[in-house]
Amino acid sequence: MSLELNENAQTILLAFSFVFGSMVGSFLNVCVHRLPLGLSVVKPRSRCPKCEKPIAWYDNIPMLSWLILGAKCRNCDEPISWQYPLVEAITGTLFLLVYWRFGLTPATPVYMIYCAAMVVVTFVDLTDWTIPNEITYPGVPIGIGLSVVAMVYPGTGLQLDNPLEAIAAAFGAGGFLYMLDKASLLFLGKRGMGFGDVKLIAMVGAFFGLWGAVITIIVASFVGSAVGIPMMIADRRKEGANEGPYLPFGPYLCVGSIIAMFFGPDIVALYTGYLLMPGAL
Ligand SMILES: [Zn+2]
């Protein structure tokens, strides 16, 4: 279903994907800020949190405005967090990679939206320590619905075309993390992860199936321990509370699921190829 394009058109579409993604990222910044507060993400227009002056369109150009303004509000000199251009750059890069990987197929817009959702989940979890239900609740049925679409229309480029697997993976992966959380509470006396993570992995299962969920959890655990344990040690030194520091697991699940989105089938093919190799088992 992927069309053949000449090299120039391809370059233009890649550049367009990046610019478009960074503009979407600009909107995602608003979502990251407002969703945890229960505010509308469409209105009012963005304004400076300090002086409340609405931000003009020319001061709202992804990444560039932040650089040109020297990371300060034009009106009151309030510093503007580097989180804003970071979210824009990450979203732009993800959109570019999605187009590069999935080309002119229906999977491209779907996975761009998926990446946008993961960017919001990541930054809300990092800053507010919650995972927005506004994303995970619709995410599960949308993932299952897409698997029906992919089953009916072959060649969409979507990874999962089996609705039964989508449902099984949503409940299976969600149930697995739920039990892990309960077991952690029972044996270690502290919560492993929150219920938000359970809903998030259910969404991942609905989008990418059983293998997608497995790859996501494995990648998340590796990245989580590589990044999280040093952070936890650094945190413990300055913290007296016996609650212990909160370690968001959501961002790692997001990273894991994006790896599964890009490379899931390749990883599974490599793995099964390895199992089929003479002498592997
Ligand atoms: Zn201001």
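Here goes a summary of the coordinates provided. Here the structure is a predicted model, which means the values were calculated and not measured.

1. Let's talk about the nonpolar core
Side chains that are nonpolar tend, in soluble globular proteins, to be buried together.
And step 1. Ranked by size, the top nonpolar core spans 58 residues in total, and within it Tyr111, Tyr114 and Met261 carry the most contacts.
And step 2. Those elements that place two or more of their residues in this core are α1 (7-34), α3 (83-102), α4 (107-128), α5 (133-152), α6 (163-187), α7 (195-238) and α8 (250-276).
And step 3. Top contributing element to this core by residue count: α4, with 14 residues.
And step 4. Residue assignment places this core across two domains, with domain 1 (1-104) and domain 2 (132-281) each supplying three or more.
And step 5. Once residues within four sequence positions are removed from consideration, Met261 is found in contact with Val98, Phe102, Tyr111, Tyr114, Cys115, Gln159 and Phe208.

2. A short note on the pattern of salt bridges
And step 1. In this structure the tally under the stated criterion is two salt bridges.
And step 2. Here Glu78 makes a salt bridge to Lys50, at a shortest N to O gap of 3.9 Å. Of this pair, Glu78 sits in the loop between α2 (64-68) and α3 while Lys50 sits in the loop between α1 and α2, and the two are 28 residues apart along the sequence.
And step 3. With a relative accessible area of 26%, Glu78 lands in the partly exposed category.
And step 4. Take Lys50: its relative accessible area is 55%, and that puts it in the exposed class.
And step 5. Taking the shortest distance from any N to any O, the salt bridge between Arg74 and Asp59 comes out at 2.6 Å. Of this pair, Arg74 sits in the loop between α2 and α3 while Asp59 sits in the loop between α1 and α2, and the two are 15 residues apart along the sequence.
And step 6. Judged by relative accessible area, which is 53%, Arg74 ranks as exposed.

3. A look at α6
And step 1. The end-to-end C-alpha separation of α6 is 36 Å, in line with the 36 Å expected for 25 residues at 1.5 Å each.
And step 2. Taken residue by residue, α6 has Pro163, Ala166, Ala169, Ala170, Ala173, Gly174, Leu177, Asp181 and Ser184 as its buried positions.
And step 3. Measuring from the side-chain oxygen of the N-cap residue of α6 to the backbone nitrogen of Leu164 gives 3.0 Å; that N-cap residue is Asn162.

Conventions we followed
Residues numbered from 1 in each chain as written. Predicted model: local features only at pLDDT ≥ 70, side-chain atom pairs only at ≥ 80, totals over all residues. Heavy atoms only, no water. Core = buried A, V, L, I, M, F, W, Y, C linked by side-chain atoms within 4.5 Å. Buried < 20%, exposed > 50% of the residue type's maximum accessible area, 1.4 Å probe, protein only. Helix = DSSP H or I, 4+ residues; strand = E, 2+ residues; numbered from the N terminus. Domains from an automatic or database assignment. Contact = heavy atoms within 4.5 Å. Salt bridge = Lys/Arg side-chain N within 4 Å of Asp/Glu carboxyl O. Expected span 1.5 Å × (residues − 1). Polar contact = N/O pair within 3.5 Å; in protein donor to acceptor, adjacent residues only side chain to side chain.

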